[in-house]
Amino acid sequence: MRAAGLLAGGSPQRRAVRHGLDLVVQLVRDEFQVRYRRALFGWLWAVAQPLLRLAVLSFVFTQLVPLGVPDYPVFLFSGLLVWSWFASGVVSVTASAVQRQDLLLRPGVTRLAGPLAAVLTDLLDLLAALPVLLVFLLLGPGIPWTALLLPVLLLAVLALILGVGLLCCAVNVRLRDAQQVVSFGVLLGFYLTPVFYQVETLPENLQSLLALNPMTSAVVASRSLLLEGRLPELGTVTGIVLPAVVSLMAGLWVYDRTSRTFVDHL
Amino acid sequence: MTHPPGPLVLSADRVGKHYRRDMTGRTGSLRGLIERRSRQDLWALRDVSMDIHAGESVGLIGRNGSGKSTLLRLFAGLTVPTTGTILRAAPVRGLLTLGDGQKGELTGEENALTGAVLAGLTRAEARRRLPRVAAFAELEDVLDQPLRTYSDGMRLRLAFAVSVHVDPTLLLIDEVLAVGDVRFQEKCLAHLEALVEEGCTVVLTSHYLDQVRRLCRQVVWLEQGRVREAGPAHDVLDSFSAAMGTDVGVPEPLPGGGLRLGTGQVELTSIDVLDAAGRPVGLVRSGSSVTVRLAYVARDPSVSHLHAAVSLHDASGRVALEIPTEQGDLVRVPVGRSGEVALTVDRLDLVAGPWHLDVGLFEPQWSRPYDYRWKALTLFVDGRSTGRGMLSPPVRWGSSSGPDVAGVGRLS
């Protein structure tokens with residue numbers, strides 16, 4: 001009964017899991033439709049936004065302040081892709097309980113439905129931008145076989161987003177300040193993650209500081225897979241997987257305990 | 001009960017629910033947490049025990065704040081009790097949040113599918129059930145239209161239709177039968193009756209005692225978080241009604257679509273709108289003088305004073321005017337065996353259209369209404385349409401023009 005607490009109560013477990021999946025699919029679908037249906041260019045906007053950021057940053061760091069990174073647009077794109085999902089994902093998971101109070105007032109709906117739908121909706125933006133990156137790669141250095149391992153990396157990032165997001169979400173229900181703090185942190189995090197620069201170009205002491213940021217490992221791993229065509233180093237893998245697993249477990253534990261009384265605070 | 005009870009479906013065992021109310025009104029902010037001194041403890045439920053068996057239909061009644069909705073939330077598993085235990089042996093398919101979470105950008109069909117999945121169906125099941133839902137809601141023709149084009153009534157019809165077409169075995173209903181037009185309400189009641197006949201367990205809260213009488217065989221009366229009386233519907237409803245005769249009671253619908261609430265110690269006998277000449281009117285010109293006259297009889301000789309209030313609002317509930325007796329020369333109105341209170345508005349500068357009138361007579365501390373009538377009557381204001389807004393006071397535009405002045409910058 002305890003373990004099933006987060007899933008729909010009572011009915012046989014297989015059905016509960018099936019229903020949970022259907023529910024998340026339906027919620028993500030709705031959210032995506034609402035975002036892009038009435039726009040003339042529909043989901044193209046999902047692609048346009050990262051492309052614009054890409055164009056601006058590429059211009060700045062190849063023309064104004066050249067960093068001397070080879071294949072800079074692809075270098076930037078491969079980091080931006082993963083970072084953007086993390087940034088938007090953590091923000092929307094944090095806000096999910098407050099944004100979708102209606103889900104928490106539905107008997108029998110798993111309380112994880114809101115956060116899951118939030119992070120997966122943001123994943124769609126990544127999936128929309130991915131083909132563009134692949135085209136960039138094809139036109140430039142080519143697509144290495146290691147790109148096939150991207151889903152594994154995304155799974156680790158998903159765990160990290162959920163872990164961090166669920167913890168912040170639990171706080172946000174009691175203190176709406178959390179939402180602001182998270183937006184602020186994400187803004188800062190963009191500079192503390194080697195999205196538009198290389199870690200190697202930093203001074204030693206800054207490098208070790210940045211290594212504490214799991215998204216540093218995620219971005220570095222993403223470049224190994226998509227650009228360099230080799231498996232990430234063991235240190236990089238543990239640098240993302242370990243924090244991802246630990247934060248996910250902590251996040252789920254805290255969320256499970258606190259979400260039982262969320263509706264009392266909303 | 002004539003037949004033996006089925007297996008236990010829901011059970012509350014000495015359940016209590018405690019809330020901390022933040023009295024500063026700053027819920028969910030850092031300051032609210034710091035300023036703990038202004039917090040108030042509240043036991044919404046205290047030591048409540050009850051068993052509900054399969055196939056039973058139970059009504060929860062009581063005044064606002066008696067704990068009905070809290071109990072329903074606990075039964076639904078939306079939150080956990082502070083003390084005691086809740087047992088639930090069947091999946092809940094509730095109507096607790098009818099219409100919440102609907103998305104205006106999506107079509108009625110998409111909203112219905114999501115609603116059904118949220119209520120416990122898989123996507124495939126939801127799709128198969130769609131025609132029946134659409135037929136029940138009488139919305140087959142507009143199902144592919146965005147929900148934002150629907151009226152409030154249509155949205156609620158759709159939400160209700162979805163909620164009752166998910167094969168519920170346990171249905172929790174919180175006040176939602178108070179919505180929709182009378183004919184559709186009747187259809188919903190009939191459908192719920194059929195569900196109960198088929199063995200669905202229903203627990204509902206309602207302010208409408210008629211609905212409770214019709215749908216429920218068992219009734220639990222909650223008062224200040226405790227069970228005051230529980231048993232066969234007619235017994236409990238009778239003692240509830242009897243007790244409410246000297247208390248505020250539950251709102252009763254008025255024939256014109258309004259609601260009435262109050263202790264009945266002083267009762268309104270007539271509500272009239274009079275023009276400047278003192279003639280009762282239903283239509284007044286914008287800007288003219290209007291008097292609202294309330295006539296009453298005092299049923300309770302111990303009542304010595306009262307307050308009165310009159311407010312005017314439009315169809316969407318926006319209040320244009322709200323005037324209690326405190327805001328005039330009459331501070332506390334002395335009460336005779338019968339009498340009148342009248343409010344005169346010297347210039348009623350409202351835009352043309354129908355305006356709803358709420359009137360009420362209250363206890364001197366404003367704590368309870370003696371007789372409060374929401375949408376007691378509709379006053380039609382006639383006048384030139386002045387575009388948007390609520391007010392239509394006498395206005396004048398002026399303009400002047402002058403010679404060309406060199407060096408005057410643009411207004412920016």
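Residues numbered from 1 in each chain as written. Chains lettered and ligands numbered in written order. Predicted model: local features only at pLDDT ≥ 70, side-chain atom pairs only at ≥ 80, totals over all residues. Heavy atoms only, no water.

Asks: What am I meant to see in the environment of Asp13 of chain B here?
Replies: Residue and element names in this part refer to chain B. By secondary structure assignment, the location of Asp13 is in strand 1 (residues 8-22). Residue classification places Asp13 among the partly exposed positions, given a relative accessible area of 31%. Non-local contacts of Asp13, meaning those with residues more than four positions away in its chain, are made with Val48, Ser49, Gly84 and Thr85. (Helix = DSSP H or I, 4+ residues; strand = E, 2+ residues; numbered from the N terminus. Buried < 20%, exposed > 50% of the residue type's maximum accessible area, 1.4 Å probe, protein only. Contact = heavy atoms within 4.5 Å.)

Asks: Explanation requested: the sheet that holds strand 3 (residues 57-61) of chain B in the structure shown.
Replies: Two strands in a sheet stick together by hydrogen bonds in their backbones, pointing the same way (parallel) or opposite ways (antiparallel). Residues and elements named next belong to chain B. Taken together, the five strands give an open sheet; going across it, the order is 5-6-3-7-8, and neighbouring strands pair in mixed fashion. On the outer flanks of this sheet lie strand 5 (170-174) and strand 8 (226-232), each paired with one strand and no other. Taking each pair of neighbouring strands and ignoring which way they run, the sheet shows an average axis angle of 15 degrees. Inspection of the sheet shows strand 3 paired to strand 6 (residues 201-205) by four bridges, in the parallel sense. Looking across to strand 6, one finds that Val58 is bridged to Val203. Contacts from helix 2 (residues 68-76) reach strand 3, strand 5, strand 6 and strand 7 (218-223) within the one sheet, and its direction differs from that of strand 5 by about 150 degrees. (Pairing = 2+ DSSP bridges. Axes fitted to C-alpha atoms, helices over the stretch in contact; angles between N-to-C directions.)

Asks: When you look at the nonpolar core in this model, what are you seeing that I'm missing?
Replies: The nonpolar side chains of a soluble globular protein tend to be buried, and buried together. Formed by 93 residues in total, the largest nonpolar core has its most connected members in Trp85 of chain A together with Met50 and Leu172 of chain B. Counting residues in hydrophobic clusters, the runner-up holds 58 residues, among them Ala117 of chain A together with Ile61, Ala126 and Cys188 of chain B. (Core = buried A, V, L, I, M, F, W, Y, C linked by side-chain atoms within 4.5 Å.)

Asks: What is the right way to read the environment of Leu377 of chain B from this model?
Replies: Residue and element names in this part refer to chain B. Relative to the assigned elements, Leu377 resides in strand 19 (residues 369-382). Accessibility expressed as a relative area gives 23% for Leu377, which makes it partly exposed. Note: C-alpha distance between Leu377 and Asp272 (105 residues apart in sequence) is 8.9 Å. Leu377 has contacts with Ile271, Val273, Trp355, His356 and Leu357, leaving out every residue within four places of it along the chain.

Asks: I'm lost on the interface of chain A and chain B in this one. Help?
Replies: The parts lose accessible area when they come together, and the size of an interface is often stated as this lost area. Each side of the interface is counted separately: chain A has 33 residues, and chain B has 37 residues. Both sides together, the interface formed by chain A and chain B hides about 3,300 Å², and carbon and sulfur atoms give 54% of it. Seen at the junction of chain A and chain B, the total is four salt bridges. Contributing elements (two or more residues each) for the side of chain A that touches chain B: helix 1 (13-36), helix 4 (101-104) and helix 11 (262-265) of chain A. Of the residues forming the side of chain A that touches chain B, the biggest block, 13 residues, is contributed by helix 1 of chain A. Class assignment for the residues of the side of chain A that touches chain B results in eleven nonpolar, five polar and 17 charged. (Buried area = accessible area lost by both parts, 1.4 Å probe. Salt bridge = Lys/Arg side-chain N within 4 Å of Asp/Glu carboxyl O. Nonpolar A, V, L, I, M, F, W, Y, C, P; charged D, E, K, R; others polar.)

Asks: Explain the packing of helix 2 (residues 44-64) of chain A against helix 5 (residues 113-139) of chain A to me, please; I cannot follow it from the model alone.
Replies: Two packed helices can be described by the angle between their axes and the distance between those axes. All names here are of chain A. Running from N to C, helix 2 and helix 5 point in directions that differ by 55 degrees, and their axes come no closer than 8 Å. Here helix 2 is positioned oblique relative to helix 5, judged by the angle of their axes. Crossing of helix 2 over helix 5 shows right-handed handedness. For the pair helix 2 and helix 5, the contacting residues are Ala46, Val47, Pro50, Leu51 and Leu54 in the first and Asp125, Ala128, Ala129, Val132 and Phe136 in the second. Looking at the contact of helix 2 with helix 5 residue by residue, the classes come out as nine nonpolar, no polar and one charged. (Parallel < 35°, antiparallel > 145°, perpendicular 65-115°, else oblique. Left-handed = near helix turned anticlockwise from the far one by under 90°.)

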